[in-house]
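Observations on the model geometry
So you can see what is in the structure, the chains are spelled out below.
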Amino acid sequence: MMGLSHCLLLFFIFFFKGCNTSTSHELSYCHDEESSALLQFMQSFTINASASRLEGAYPKVLSWKQAQGGNNTSCCTWDGVECDEHTGHVIGLDLRSSCLYGSIHSNSSLFRLVHLQRLNLADNHFNYSQIPTSIRNFPRLTHLDLSASVFSGRVPSEVSQLVKLSLLNLSLNTEPSSGVGLLTLDGSDFRSLVQNLTNLQRLRLRFINISSPIPDSMANLSFLTTLDLHQCHLFGDFPARIFQLQNLQNLYLRDNQDLIGYLPEFNKSSPLITLDVHGTRFSGDLAFSIGNLGSLKQLDVAACNFSAGLVPSSLGNLRELTYLDISLNQFGGPVPDSFANLTKLSVFRISSSQLTGPIPSWLGNFSKLTYLDFGYNRLSGSVPTFFSNLTNLQILYLHYNNLTGIVEFRTFQNLQNFNQLDIRSNSLEFISESTAVNASTVPQFTQLRLTSCNLREFPYFLRYQKRLQYLHLNRNKIHGQVPKWMWNMSTESLIQLDISENFLSGQLPVFIPWVNQQYLSLASNMFHGPLPIPPSSTLVYQAYDNKFTGNVSPVICNMSSLMALDLSNNNLGGMIPQCFGNFSDPLIVLILGNNSFHGTLPQTYTNKSKLWILDVSQNQLQGQIPRSLANCLMLETLILSNNYFNDVFPLWMVTLPELKLLAMRHNEFQGLIGKPENNQQFPKLRVLDISHNNFTGKFVAEYIFSKYAMRSVNQSTYMTVDIDYISGYGLLDYGSKITITIKRVDRYYSGIQEAFAVIDISSNKFEGKIDESIGSLEGLWSLNFSNNLLSGPIPSSFGNLTNLEALDLSNNKLWGEIPKQLAQLTFLAEFNVSHNNLTGPIPRGPQLNTFSISSYEGNPELCGDPLPKRCQSSNAPPQLPPSSTEENDSGIEFEWAFVLAGCGSGFVVGVVLADLAITRRREFFLEIVGTLIRLMERITSWKGFGR
């Protein structure tokens, strides 16, 4: 309502001003049919202050009045209407920023104004209407501006019929809430438009999805002064001839990530004022001749692929520059002294490069500087005090450098326009007064990032801040309690607060007071008492590594937009709120590990879930895994370890297409792991830890693992999820974390590489032979089958696991020799086959002989280094398999007593005795007979040698 009042006030000001001005429009009256068409057009809209966003917007159409009685009212006098002085026809309509809201269609009365030459409807809200095809009714148009007015859909081909156009502006038709472009332009229509509209001087198509190359015919538009193709999804080669257009002053190609090009040799006659290729694939050398562009005021070549090297000193010749951004390239070395000539710069950015040396002293002469960004470089030395003289400075970014020394707040205290300071992650010490200061002289910050600045207390000047949006005080040395005045600071504006990794203590308010907060991190401190509840607007809440106690308040269920919640490593108890399953569809990360939660997991997870990481490890949870987790189709990491869950193996999770890590160690899971329905496998599972449970039967790897999923992959990437919680500005990188047991020691991994592939089934009751198919899982990094009832030989196929770094088969009933193929596992760093029934020599190899005796002990018939037992010659009698007294009672192995009896009392007698075993396990009959034959052949050979 206040916005509408504002629009009306502006209208009356402009109206009465117009009443006192005599114009030529008063000499002619517009035609009745055109007056009627305008009034009908006006009546098809409502006036809405929020429909126009530019400053100075007001509803021009409120001055339009229909003629009453005998008094004629010429529409030529109406605000925004222009008539031909001789014919009285309406030739111009300027309704930009007129607070118009509503739809516009092809049958609109607007299109009866067939004499129009100039039409401007910019900065209104046409409610996602398509640009009407009736635009062809204006063949005389020279100026068409439909920018920033919420048009959507396809740009009609009829626009290319308006051959007299010198200005075409369809830019900035975006979704008001997200900024996503709403218009599309077919490649063929784009070519026709460029080919037909040869009189174009200004072409602006910013944020239109064109998705095609730029036609070569664009270089034929000889009158072109401005070409704006910012973020149009263009690809292919940029026609270099466009740079040669004699009148081209402004070229915007920004954020077309697949547009390829290079900068040509420029001559001094070029009229270029703006050159913006930010975020394209322009490459090659940044031509030395760019210094010839004497008229250039704005240069942005950031985030391109220009050749690495020193910062081009020729840029120092561009003395008219007011805007310079060469960030995110591979330029390095010191900032050239030739840049001291650029004293007209307002914006100066060389971030995310390889700058070295100190901050140049000549920057103190840049009195017009408003924005300086040298972040993410290798600058050294101190932060100069001359910044106090740059009275126009608003933004200073020096983060992530090698700067040292003291930075005093009073350096910036008198810069009244100063509002953003980022000096985090250097070796600086930020000092501010600990006592009261003059509030009127304190800059009102919107962003203040002082991470790792050796702060020992909350800066006192913060109590005067009313407009802060982003405040980062993390990784400092702040002790004690949060001062009470902090909770009254910027209560309406604060969006991000990070005070993590300090030494803060005490209790916090039950409800956090910042009503528009989106990010809150209290992590890694010593806070105690009840868990504070942030406002419902919160998207990310981190409270891990504290001493919070008690139940989680059900009020937390109001946080329906939450994307990440990490409450791990506290003393929280009670039941996990049931709403955690479905209270926030955008929830991506839920980490509740290492608390004292009891009861069951939330039971309801919807198919709208975006859950990626779920970690409830190290609690006291019990019961079954909710089957509704099958709705979480984006789930990549599920960690249930160290609880009291009592369920069977969740084969139903094979339907989760993204699941890569499943950790269930130290629970009460039990039963057989059978064959899934339809022979499905987990399509992407690479890490499985089901150790310390009560699983029984055989472990068949091919029931679970896909060979494709367990292949060797790029080791440089990690299992992470990027949470973009403030539309491109707030990016949080969350990775999977897990504890793995190797050599009976738990190892915590804070980051999991995509190459990480682990199977741990240790400390269960698995029996039978080791599955040969495991040897085909070539990406395996760690394999732990220890403390089970496994028997039979070690599969020789394990020699195919060339990435294997850890192998633990200890405390089983394995027999036979260690396969020689294991000697080719050159990455093997941990190896344990102790306490089995293995025989024969330990294979010699670069790794196997480096392990200690403990890796082989408990196998009396093993010999060779590092064991003290020497192996006999190759002609020595073979070692017999273990006797029945050493076998387990699982029934998996046959009775060797009967085999020996067959050797000593005759083959037939042995087979008759063995029949006693066969009647119990007929499936082993052929195996018994085959083994007897091989054993007899070896003994006969030995006896023959003795004679």
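As the structure is a computational prediction, the values presented were derived from the model and not from experiment. (Residues numbered from 1 in each chain as written. Predicted model: local features only at pLDDT ≥ 70, side-chain atom pairs only at ≥ 80, totals over all residues. Heavy atoms only, no water.)

Moving on, we get to the pairing of strand β29 (residues 427-431). Burial along β29 is one-sided: Leu428 and Phe430 are buried, while Ser427, Glu429 and Ile431, pointing the other way, are not. Inspection of the sheet shows strand β27 (residues 402-408) paired to β29 by five bridges, in the parallel sense. Of the residues in β29, the one forming a bridge with Glu408 is Ile431. (Buried < 20%, exposed > 50% of the residue type's maximum accessible area, 1.4 Å probe, protein only. Helix = DSSP H or I, 4+ residues; strand = E, 2+ residues; numbered from the N terminus. Pairing = 2+ DSSP bridges.)

Below, the discussion takes up the nonpolar core. Counting 235 residues, the largest nonpolar core has Leu110, Met218, Phe348, Phe387, Phe649 and Phe699 as its most contacted members. Elements that contribute at least two residues to this core include exactly α2 (32-43), β2 (81-83), β3 (90-94), α3 (187-196), β27 and β29. If sequence neighbours within four positions are ignored, Phe348 has contacts with Leu324, Val335, Phe339, Leu363, Leu369, Tyr371, Leu372, Asp373 and Phe374. (Core = buried A, V, L, I, M, F, W, Y, C linked by side-chain atoms within 4.5 Å. Contact = heavy atoms within 4.5 Å.)

We now examine the environment of Gln507. Position of Gln507 relative to the elements: it lies in the loop between β34 (503-506) and β35 (519-521). In this structure the C-alpha to C-alpha distance between Gln507 and Gly529, which are 22 residues apart in sequence, comes to 5.5 Å. If sequence neighbours within four positions are ignored, Gln507 has contacts with His528, Gly529 and Pro530.

With parallel pairing, six strands are arranged side by side in an open sheet as β19-β21-β23-β25-β27-β29. The outermost strands of the open sheet, each flanked by one partner alone, are β19 (309-310) and β29. Sheet topology note: the strand β21 (residues 331-333)/strand β23 (residues 354-357) ladder contains two bridges and is parallel. Counterpart to Gly333 in the pairing with β23 is Leu355.

The next point concerns the sheet that holds strand β12 (residues 235-237). Strand pairing in a sheet relies on backbone hydrogen bonds, with the paired strands running either antiparallel or parallel. Within the open sheet, the four strands sit side by side as β12-β14-β16-β18. Their pairing is parallel. In this open sheet, the two strands that pair with only one neighbour each are β12 and β18 (305-306). Examined bridge by bridge, strand β16 (residues 281-284) and β18 share two bridges and lie parallel to one another. The partner of Ser283 across the bridge, within β18, is Asn305.

Another point: α3. Listing the buried residues of α3 in full gives Gly187, Asp189, Phe190, Leu193 and Val194. Projection of α3 onto a plane perpendicular to its axis shows the buried side chains occupying an angular sector of 160°, all on one side. In the core, the buried residues of α3 are packed alongside β7 (153-154), β8 (167-169) and β10 (202-204). (Arc of directions from axis to C-beta.)

Considering all chains together, one arrives at 25 salt bridges under this definition. Two residues, Arg456 and Glu429, come together in a salt bridge whose shortest N-O distance is 3.4 Å. With Arg456 in the loop between β30 (447-449) and β31 (470-472) and Glu429 in strand β29, this residue pair connects regions lying 27 residues apart in the sequence. Given the relative accessible area of 30%, Glu429 is considered partly exposed. Between Lys869 and Glu861 there is a salt bridge, with its nearest N and O atoms 3.5 Å apart. Residue classification places Lys869 among the partly exposed positions, given a relative accessible area of 36%. Linked by salt bridges that have partners in common, Arg254, Asp255, Asp276 and Asp300 make up one network. (Salt bridge = Lys/Arg side-chain N within 4 Å of Asp/Glu carboxyl O.)

With that out of the way, let us pick up the environment of Thr142. Relative to the elements of secondary structure, Thr142 occurs in the loop between β5 (118-120) and β6 (143-145). Residues Thr142 and Leu162 lie 20 residues apart in sequence; the distance between their C-alpha atoms is 8.0 Å. For Thr142, the contacting residues outside a window of four places in its chain are Gln117, Arg118, Lys164, Leu165, Ser166 and Leu167.

Taken as a whole and assessed by the stated rule, the structure comprises 35 aromatic pairs. Centroid distance Phe409 to Phe461: 3.9 Å. Interplanar angle 0°. Geometry classified as stacked. One end of the pair, Phe409, is in the loop between β27 and β28 (420-422); the other, Phe461, is in the loop between β30 and β31, with 52 residues separating them in the sequence. Judged by its relative accessible area of 1%, Phe409 is buried. Seen in terms of ring centroids, Phe445 and Phe461 are 6.0 Å apart; in terms of plane orientation they differ by 45°. Their pairing is tilted. One end of the pair, Phe445, is in the loop between β29 and β30; the other, Phe461, is in the loop between β30 and β31, and 16 residues separate them in sequence. What makes Phe445 buried here is its relative accessible area of 1%. Under the relative-accessibility criterion, Phe461 is labelled buried at 2%. Among the aromatic residues, those joined into a cluster by ring pairs are Phe645, Phe649, Phe669, Phe682, Phe695, Phe699, Phe766 and Phe785. One residue, Arg711, lies across the ring of Tyr708, its end atom 3.9 Å from the ring centre. (Phe/Tyr/Trp six-rings, centres within 6.5 Å; stacked < 30°, edge-to-face > 60°. Lys NZ or Arg CZ within 6 Å of the ring centre and 35° of its normal.)

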